[in-house]
Amino acid sequence: MEKIKTYLICTNLKETFPNNKNSIINFVSEAALKKYPNKEFSFKEFYITKNKWTNKEKLLKDFEYLDKIYESLLPKISNFLNEIHNCNFSEKFWRILIGPWLGIFIYTLYDRWKNLKSSVDNYQINKVIKLNLTEENYIPYDNSEFLEFIQNENWNQYLYQSMFSEFFNSSEIEEPKSFDEKEFIIKKTSKNNKNPNFFKQKIFDIFNLIPRKNYKYLLYSTYTGFWNELKLSIRLKQLPIFGIEKNKYKTKKKIEKKLRFKLLNFFDPNDKFQNFLHKSIIAQIPKVFIENYQDLVKFSKIENLPKEPEKIVTANALWFDSFFTFFVAKMAEKKSKIIYIQHGGAYGISGYSWVEEHEKKISDKYLSWGWTDEKFQSRVKKFYVILKNKKFNWNEKKMKNLLILMRPRKVYFQTPETSSVGIDSYSEYINFYNKFFNSVSLDIKNKIILRFPFRNLKRESFDYFSNLNQFKIDESSSFENACNKSKLVINTANSTTFCETIANGIPSVLIINKNTPIRKNILPIIENMKLNNLIFYDVNKAAIFINEVWKSGIKDWWFNKDTQRSLNLFKENLARPTKNISDELLKEIKSN
């Protein structure tokens, strides 16, 4: 009788599952499952490798290790790129341009590597199945495409199976299966060619007719909203820049493997992971940094952008847009000053955030929502939450819902920070809040409305390890509309919405796992919030409090002197409100 084999499954692609239904299945992580296997699951026995970062001390050590790798690789790759492109840009130039890709790629690769290692170390795995995948399809064109790839099944399968030979011998790796990549290629192409809607495009076209070469300031993707950006631009005696055309600069070039492999001469690996990382960087570095570099050069020369802006102001464009990022990096070489605006609520709170560190390092001035930073005290400036003129109108008597702001299931890890959004498995997240759902009174439970960040989510994308179908899903077009129908808002992550509700005076609480690492200098503020029932680590205590305050009156608790004192302390340090964001931003642009 043939021995039953255990197969390692890395993604949810059905072609990677064995034909023999008696096989044992080991899922490398929860990411390999769309839904938790139920009674209809065709394999009788299965295992899921546990989350490697349940121990947060281990998590912080891993992140410190990866940051050191990033800082050691950045100058080496910078030198290589200067050499092959016959230029002499500073390390800051390359940090601005390739940093977002390199940093996220290192952390992403390590996550997949540790998933495989944990599975191999804890289970007796006999087989893995490879697919026939065309290598060039999975090399991203630019950083925008790379960030799309991270959550794609095909790309993750490609990444995982590139590691198979590091963990398995040849007899354990089954011969590659044929695989139809058409759907991936079509989806990839359609995403790259998407355009704004007709009305927006016409507005962009009109603004693009105005020559911008002599603009003194470059404002782009500031997150302040259309009218604020228009008002601010006019006061600076220019018009806003909303749409920048990039597709017309993109060309098709063949992958130059010989050129890429020259990068090996710049590396000196210290361990097995770093050795594999170096080979992966060569294979995965976006085309626009190697073969298609001249696309960036052409864009910066021709596109209708300021010739020598004194200051550049943005909130998030330097993460996604490689073309704009290249232009900003070049302007920084010419001494343009970069003003970066905080665009996420976990900043200043998370125990560790590589994303935040990167933004502070490339900025000349960093506008936070209220926090300061000893390490970057000359750059980080207390600013305000960007509220975009949202209209909140809380009235306890007219409101009935308990609005719970959920995070969606981001299947594959990609964000190197320790906020509760990025590091726990989704089953851990859901199981934690299930206890709360089951502890509130039946009357309150019937009034629960769940809201997810994206309105077009399919239920199966978040109804995982739980039955969330028992609750209504908020379909409001705007966050403020959802809040205006709710007596109380519950945040399930120390992120943007918690800061926004506090800044706008909307009664809300934060319920998070105590294991979530918080920045040390913020802990006294968090503890004060906890004492006044604004933050809870214990879901049962949160449920008891909400059961009580729902009856006695939320207004009495919210406007209590101690509660307000605690809220004001939080706002001053982490969520400073202002009704005149354009006026405040104008002051920062005009000042040194």
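Coordinates for the structure precede this section.
Let me begin by describing the structure that accompanies this report. (Residues numbered from 1 in each chain as written. Predicted model: local features only at pLDDT ≥ 70, side-chain atom pairs only at ≥ 80, totals over all residues. Heavy atoms only, no water.)

**Brief notes about the packing of helix α7 (residues 226-235) against helix α22 (residues 581-590)**
Two quantities define a packed helix pair, namely the angle between the axes and the distance from one axis to the other. Here α7 crosses α22 at 40°, and the two axes come no closer than 9 Å. The angle between α7 and α22 falls in the class oblique. In terms of crossing hand, the pair formed by α7 and α22 is right-handed. Along the contact surface, α7 presents N228, K231, L232 and R235, while α22 presents I581, S582, D583, L585, L586 and I589. Of the residues assigned to the contact of α7 with α22, the class counts are five nonpolar, two polar and three charged. (Axes fitted to C-alpha atoms, helices over the stretch in contact; angles between N-to-C directions. Helix = DSSP H or I, 4+ residues; strand = E, 2+ residues; numbered from the N terminus. Parallel < 35°, antiparallel > 145°, perpendicular 65-115°, else oblique. Left-handed = near helix turned anticlockwise from the far one by under 90°. Contact = heavy atoms within 4.5 Å. Nonpolar A, V, L, I, M, F, W, Y, C, P; charged D, E, K, R; others polar.)

**Here we look at the packing of helix α10 (residues 293-302) against helix α12 (residues 322-333)**
Contact pair α10 / α12: the axes reach a minimum separation of 9 Å and the direction vectors enclose 65°. Taken together, α10 and α12 sit at an angle that is classed as roughly perpendicular. Along this stretch, α10 crosses α12, giving a crossing that reads as right-handed. Note on element contacts: α12 touches α10 through S322, F323, F324, F326, F327 and K330, opposite Y293, D295, L296, V297, F299 and S300. Its residues assigned to classes, the contact of α10 with α12 comprises eight nonpolar, two polar and two charged.

**Remarks on the sheet that holds strand β12 (residues 448-451)**
Spatially, the six strands line up as an open sheet ordered β13-β12-β11-β14-β15-β16, and their pairing is parallel. Bordering the open sheet on either side are β13 (472-473) and β16 (535-536), each of which pairs with just one other strand. In this sheet, β16 lies alongside strand β15 (residues 508-511) in parallel orientation, the contact comprising two bridges. Looking at the pairing, L510 lines up with I535 of β16. (Pairing = 2+ DSSP bridges.)

**Here we look at the environment of Q238**
Along the chain, Q238 falls in the loop between α7 and α8 (257-261). Distance in space between the C-alpha atoms of Q238 and L218 is 9.6 Å, their sequence separation being 20 residues. Polar contacts involving the side chain of Q238 include one to the main-chain carbonyl oxygen of Y217, which spans 2.8 Å. (Polar contact = N/O pair within 3.5 Å; in protein donor to acceptor, adjacent residues only side chain to side chain.)

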